[in-house]
Amino acid sequence: MRLPTPTLETDRLRLRPFAEADGDELYALQSNAEVLRYWDSPPWTDRSSVARFLSGCRSMAEDGTGARVVIERADHPGFLGWCTFNSWNPEFRSASLGFCLAEAAWGRGYATEAAGAVLRWAFDALDLNRVQAEVDTRNPASARVLEKLGFLLEGTLREDCIVDGVVSDSWVYGLLRRDWLA
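Worth saying up front: this structure is predicted, and the values here are computed from it rather than measured.

## Side note on the pattern of salt bridges
Side chains carrying opposite charge are able to pair once their charged atoms draw close together.
No. 1: Here the structure, examined in full by the defined rule, presents 12 salt bridges.
No. 2: Here Arg-47 ties to Asp-24 by a salt bridge, and the two come within 2.8 Å at their closest N and O atoms. Here Asp-24 lies in helix 1 (residues 23-30) and Arg-47 lies in the loop between helix 1 and helix 2 (48-63), a separation of 23 residues in the sequence.
No. 3: Measuring nitrogen to oxygen at the nearest pair gives 3.0 Å for the salt bridge that ties Arg-73 to Asp-75.
No. 4: Asp-75 gets classed as exposed once you look at its relative accessible area, which sits at 60%.
No. 5: Connected via shared salt-bridge partners are Glu-9, Arg-14, Arg-16, Asp-22 and Glu-72.

## What about the layout of surface pockets?
No. 1: Reported here for the largest pocket is a volume of approximately 1,200 Å³.
No. 2: Lining the largest pocket are 45 residues, and of these Trp-39, Phe-99, Glu-134, Asn-139 and Ser-142 sit closest to its centre.
No. 3: At the level of elements, strand 4 (79-89), strand 5 (94-101), helix 3 (110-125), strand 6 (130-136), helix 4 (140-148) and strand 8 (166-176) are the ones that each hand at least two residues to the lining of the largest pocket.
No. 4: Considering every element that reaches the lining of the largest pocket, the biggest residue donor is helix 4, with 7 residues.
No. 5: Residues belonging to the lining of the largest pocket are distributed by class as follows: 21 nonpolar, 14 polar and 10 charged.

## Topic: unusual backbone geometry
No. 1: Positioned with a positive phi, Ser-87 is a non-glycine residue whose angle comes to about 60°.
No. 2: Tracing the backbone through its elements, the reader meets Ser-87 in strand 4.

## So, the pairing of strand 5
No. 1: Most of strand 5 sits out of view: 7 of its 8 residues are buried.
No. 2: The sheet contact formed by strand 4 and strand 5 spans 7 bridges and is antiparallel. Its bridge partner being in strand 5, Gly-81 is matched across the sheet by Leu-101.
No. 3: Where strand 4 folds back on strand 5, the antiparallel hairpin that results is connected by 4 residues, among which Arg-93 adopts a positive phi of roughly 55°.

About the criteria used
- Residues numbered from 1 in each chain as written.
- Predicted model: local features only at pLDDT ≥ 70, side-chain atom pairs only at ≥ 80, totals over all residues.
- Heavy atoms only, no water.
- Salt bridge = Lys/Arg side-chain N within 4 Å of Asp/Glu carboxyl O.
- Helix = DSSP H or I, 4+ residues; strand = E, 2+ residues; numbered from the N terminus.
- Buried < 20%, exposed > 50% of the residue type's maximum accessible area, 1.4 Å probe, protein only.
- 1 Å grid on protein atoms, 1.4 Å probe; cavity = no way out; pocket = protein on both sides within 12 Å on 5 of 7 lines; lining within 4 Å.
- Points joined across faces, edges and corners; volume = space filled by probe spheres on them.
- Nonpolar A, V, L, I, M, F, W, Y, C, P; charged D, E, K, R; others polar.
- Pairing = 2+ DSSP bridges.

Geometric descriptors of this kind do not, in isolation, establish any biological role.
Right under this line is the structure:
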């Protein structure tokens with residue numbers, strides 16, 4: 001079942017499918033150690049990672065397992081980051097949410113606005129019941145984004161990530177349809 005990647009508009013943002021032309025900005029984002037300090041993988045050091053990432057975007061859409069969109073300002077196109085709705089399971093009516101933004105976009109509400117648009121699309125377009133997100137416990141800013149969207153902290157995964165020898169824990173957040181609609 002194919003799941004076409006949407007183009008979404010908010011007051012300040014445009015969310016659209018990835019294009020080959022996004023490669024340089026994507027690489028700059030994903031190779032930035034500060035941006036990825038709380039990520040579950042190290043910063044990219046090889047440009048071939050761009051092709052694998054873009055191929056993964058296409059595969060998610062073709063396989064019907066998710067959608068990953070570029071986040072850019074509506075009034076001034078430019079790559080701010082990306083948001084993903086992935087691991088879509090129609091049988092369980094569940095999926096995961098994630099986002100990654102450039103440092104210049106931090107603290108401006110863009111993550112909350114973009115993730116909110118993706119959630120609206122997912123709850124409206126699919127028979128979605130539950131969305132889960134995981135956040136490194138050292139990253140309270142991302143946790144606040146999820147809480148603003150109505151996610152509830154459900155637990156802690158202890159020592160679930162080891163990146164470049166650094167062991168970290170993750171908080172697990174969940175959002176149910178009934179909570180979203182309330």
